Amino acid sequence: MEEFRRCYSRLCRESGAEPQEAVLQQLHQLPRGRLDLATQSLTVDTCRALGKLLPRETLCTELVLSDCMLNEEGGQARQGATLLLRGLCANTVLRFLDLKGNNLRATGAEALGKLLQQNKSIQSLTLEWNNLGTWDDAFATFCGGLAANGTLQKLDLRNNQISHKGAEELALALKGNATLQQLDLRWNNIGLLGGRALMNCLPNNRTLWRLDLAGNNIPGDVLRAVEQAMGHNQDRLTTLKENHARTHVLSREVQHLREEKSKQFLDLMETIDKQREEMVKTSRASAAHIGQLQEALNERHSIINALKAKLQMTEAALALSEQKGQDLGELLATAEQEQLSLLQRQAKERRLEQQEAAERESKFLRDLSAANEKNLLLQNQVDELERKVKCQQEQLFQTRQELTSMSAQLKMQAIQAEERLDMEKRRSRQSLEDSESLRIKEVEHMSRHLEESERALQERVQRLEAMRLSLEEELSRVKAAALSERGQAEEELIKAKSQARLEEQQRLAHLEDKLRLLVQARDEAQGACLQQKQAVVEAQTRASQLGLQLEGLRRRLEELQEDLSHKDQERVAEVSRVRVELQEQNGRLQAELAAQEALREKVAALERQLKVMASDHREALLDRESENASLREKLRLREAEIARIRDEEAQRASFLQNAVLAYVQGSPVRNLSPPK
């Protein structure tokens, strides 16, 4: 208010007038948010300054200008009233405006009409003891502004000389207005026609719940009809408030249910993130396991290279022995015939061995063609798997929940596989140590052993692929059952699907690399076998000595085959366990579906309660109509009391009129307008 006071004094001085001391004193003493200038004779300069300050004022919510002589006879006073009201048109914080006893007439009514059209903040307007209804055209503009207003809730028009035409204009305004709740029209000249016009407009207005029409010469039946309409509007307002309160409570409950659902969704997302982390861990463990297998393959390659070096050493030893044989041939000329016979026999044996080698080569070629066909089949299966993966990428997000339970078992399998690999490494080392003591013939047996191990590995890969296909089929079934429950998380599924695609592509790439490595190892082994066959032709004489060693190695192979069968049985048991866990997860998903159905039933029950409450409201309205009928009878009894109250009000009005006349005659200002 201090800033408002300084601005007021500055504007008055700029206009060449001194600020009014009474106004400054009121501005200094008034509380925050209320400006009370009642009974102060405001000059035109003061009105101009206030009209400039009020649009920018953001603290004043109540303005009292009662009995300020804003519209006396003369142009300057009228100009002051219009300046004040124009300034209030742009104000956005004022809620209460009191203009009682200012004798506002035509120009004031027009300015008030513009104020009501433009101002969007005033909720209460007091215009008691004015002359707004003396000019019909000006009052019509005022009523037009009231019809266009959307914030005014209370309007006081007592003692404004409103005629039946003005009442008709007010009736038209009330038909268009949807916010006015209280209207005071006591002590005017509305009459029968104006009362009927107001009564006829009330069915179109459902917000006005208080309309005072005492002292207007309106018949009792019209007043009763107006009071009845006001009672209906009050009942509507009370029912609307109750309905709003109940709808607010129900909306809170619905919001609470939505929050619970959002919490459940967040919990699901947390579990999904945890499963992603576990999948990453398992992928890392599988990568480490693959690295260990690669190391084992590298060790086997190193063993094969060592065997090749041994073969080269044996070939050198054979070359030395041939040179010694040539030296001894000169000395053993007598034994040439025997040697020729032996050479013939050896040639026959070599032919037989060559035939056997050719047969073996044909067998090897057949095996290679079969392996190539198997590789083609595997590639076709890989293509089919890729297609299935593309179809199942939309379902991988849900299967991760199921794979979490499998991750622990996979870790155990990885540990067991590592232990088995260690055992196989130890056994292979022992076999290598034994093979060092063997001679050139043992290389042939090792090549056969490598071929059998390659076949076993291929069979193992095929079994693993068959197991993988069966698991994918089971997973697809589980996914099809769970697809209906995951419609809300489709946006996040897209991201998870992209990640799953990358992981599947990486896994397929790893499998393809493994297959390529196996093919390369097979090719190297075949090359080594070809080289060894040449050495075998020269070392056939020593085959008899290595027969016993071959039998021992065969026994070892049988033991390895038994171990492989045990491993296959263990894997079958693990697959059965995984199936049982998948069934348990299906049960959990079904339980979640049942919980969601229970929530839906709760929502349906709430809707039913709303319907029951609406029917109860209708019954209450009927009861209230019956009560209104009883109240009408009581109102008839009170008419006598109302007549007595009217006489008392007429006496009070005469006393007030005499007092105003005395006040006007005793004031030092020039003659006022006719008595109020």
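Residues numbered from 1 in each chain as written. Predicted model: local features only at pLDDT ≥ 70, side-chain atom pairs only at ≥ 80, totals over all residues. Heavy atoms only, no water.

Colleague: Residues and numbers for the overall build of the protein chain, please.
Modeller: A tally of regular secondary structure across the protein chain gives 14 helices and seven strands. Looking at the protein chain residue by residue over its 676 residues, the buried ones come to 34%. Taking all contacts inside the protein chain whose residues are at least 6 apart in sequence as the whole, residues at least 24 apart take part in 86%. Carbon together with sulfur atoms contributes 51% to the accessible area of the protein chain, which is approximately 41300 Å² in total. (Helix = DSSP H or I, 4+ residues; strand = E, 2+ residues; numbered from the N terminus. Buried < 20%, exposed > 50% of the residue type's maximum accessible area, 1.4 Å probe, protein only. Contact = heavy atoms within 4.5 Å. Areas by Shrake-Rupley, 256 points an atom, 1.4 Å probe, with all protein chains shown as cover.)

Colleague: Run through the sheet that holds strand S6 (residues 182-184), naming residues and quoting values.
Modeller: Read across the open sheet, the seven strands follow the order S1-S2-S3-S4-S5-S6-S7; overall the sheet is parallel. Only two strands of the sheet have a single partner each, and these edge strands are strand S1 (34-36) and strand S7 (210-212). If you compare each strand with its neighbour and ignore which way they point, the axes differ by 0° on average. Examined bridge by bridge, strand S2 (residues 62-64) and strand S3 (residues 96-98) share three bridges and lie parallel to one another. Across the sheet, residue Leu-63 finds its bridge partner in S3, namely Leu-97. (Pairing = 2+ DSSP bridges. Axes fitted to C-alpha atoms, helices over the stretch in contact; angles between N-to-C directions.)

Colleague: Run through the confidence of the model for the protein chain, naming residues and quoting values.
Modeller: Here the protein chain averages 80 in pLDDT, and 88% of its residues register 70 or above. A low-confidence stretch, residues 72-77 (pLDDT under 50), is modelled with 15 contacts involving residues beyond four sequence positions or located in other chains. Here residues 668-676 scores under 50 on pLDDT; set against residues more than four positions off or in separate chains, the count is 19 contacts. (pLDDT = per-residue confidence, 0-100.)

Colleague: How would you summarise the pattern of salt bridges if you had to cite specific residues and measurements?
Modeller: If you walk through the whole model with that rule in mind, you get 14 salt bridges. Arg-10 is paired through a salt bridge with Glu-14; the nearest N and O atoms lie 3.2 Å apart. Remark: Glu-14 and Arg-10 occur in helix H1 (residues 2-14); sequence separation between them is four residues, near one turn of the helix. You can call Glu-14 exposed: its relative accessible area is 56%. Note that Glu-648 and Arg-644 form a salt bridge whose closest N and O atoms lie 3.3 Å from each other. With Glu-648 and Arg-644 both in helix H14 (residues 547-666), this residue pair falls four residues apart, about one helical turn. (Salt bridge = Lys/Arg side-chain N within 4 Å of Asp/Glu carboxyl O.)

Colleague: Just give me the short version of a negative patch on the surface, but keep the residues and values in it.
Modeller: A grouping of Asp-616, Glu-619, Asp-623 and Glu-627 is seen on the molecular surface, where their side chains present a negatively charged patch. Within the fold, Asp-616 resides in helix H14. Its relative accessible area of 39% is what places Asp-616 among the partly exposed residues. (Patch = residues over 30% accessible without salt bridge, like charges linked within 9 Å, V, L, I, M, F, W, Y side chains within 5 Å. Lys, Arg positive; Asp, Glu negative; His and termini not counted. Charge placed at Lys NZ, Arg CZ, Asp CG, Glu CD.)

Colleague: Report on H1, specifying residues and quantitative values.
Modeller: Here H1 spans 19 Å end to end across 13 residues, near enough to the 18 Å set by a 1.5 Å rise per residue. For H1, the complete set of buried residues consists of Phe-4, Cys-7, Tyr-8, Ser-9, Leu-11 and Cys-12. (Expected span 1.5 Å × (residues − 1).)

Colleague: Got a sec to walk through the packing of helix H7 (residues 164-176) against helix H8 (residues 191-201)? Specific residues and values, please.
Modeller: Close contact between H7 and H8 brings their axes to 8 Å; oriented N to C, the two are set at 5°. Viewed along their axes, H7 and H8 adopt a mutual orientation that is roughly parallel. Touching His-164, Ala-167, Glu-168, Leu-170, Ala-171, Leu-174 and Lys-175 of H7 are Leu-193, Gly-194, Ala-197, Leu-198 and Cys-201, all from H8. (Parallel < 35°, antiparallel > 145°, perpendicular 65-115°, else oblique.)

Colleague: An account of the environment of Cys-201 is needed here, citing residue identities and associated values.
Modeller: Assignment of secondary structure puts Cys-201 in helix H8. On the basis of relative accessible area, Cys-201 is assigned to the buried category, the value being 0%. Linking Cys-201 and Leu-174, residues 27 residues apart in sequence, is a C-alpha distance of 6.8 Å. The residues contacting Cys-201, other than those within four sequence positions of it, are Ala-171, Leu-174 and Lys-175.

Colleague: Tell me about H8, residues and numbers included.
Modeller: All of the buried residues in H8 are Gly-191, Gly-194, Gly-195, Ala-197, Leu-198 and Cys-201. In an axial view of H8, the angular spread of the buried residues amounts to 160°, which keeps them on one side of the axis. (Arc of directions from axis to C-beta.)

Colleague: So, the packing of H1 against helix H3 (residues 44-53): which residues are in play, and what are the values?
Modeller: Here H1 crosses H3 at 130°, and the two axes come no closer than 9 Å. One way to sum up the angle between H1 and H3 is to call them oblique. The handedness of the crossing between H1 and H3 comes out as right-handed. Of the residues in H3, those touching H1 at Phe-4, Cys-7, Tyr-8, Leu-11 and Cys-12 are Asp-45, Thr-46, Ala-49, Leu-50, Lys-52 and Leu-53. Partitioned by chemical class, the residues of the contact of H1 with H3 number eight nonpolar, one polar and two charged. (Left-handed = near helix turned anticlockwise from the far one by under 90°. Nonpolar A, V, L, I, M, F, W, Y, C, P; charged D, E, K, R; others polar.)

Colleague: Which residues make up the side chain of Gln-40, and what values go with them?
Modeller: Its place among the elements puts Gln-40 in the loop between S1 and H3. Dropping the residues within four chain positions of it, Gln-40 is found in contact with Ala-22, Gln-26, Asp-67 and Cys-68.

Colleague: So what's going on with the environment of Glu-418? Residues and values would help.
Modeller: Residue placement: Glu-418 occurs in helix H11 (residues 396-437). Under the relative-accessibility criterion, Glu-418 is labelled partly exposed at 27%. Sequence separation of Glu-418 and His-289 is 129 residues, and the distance between their C-alpha atoms is 7.6 Å. Those residues in contact with Glu-418 that sit more than four places away from it in its chain are His-289 and Gln-292.

Colleague: Lay out unusual backbone geometry with the relevant residues and their values.
Modeller: One non-glycine residue, Asn-159, adopts positive backbone phi at about 55°. Relative to the elements of secondary structure, Asn-159 occurs in the loop between strand S5 (154-156) and H7. Unlike most non-glycine residues, Gln-161 shows phi in positive territory, near 55°. Relative to the helices and strands, Gln-161 is located in the loop between S5 and H7.

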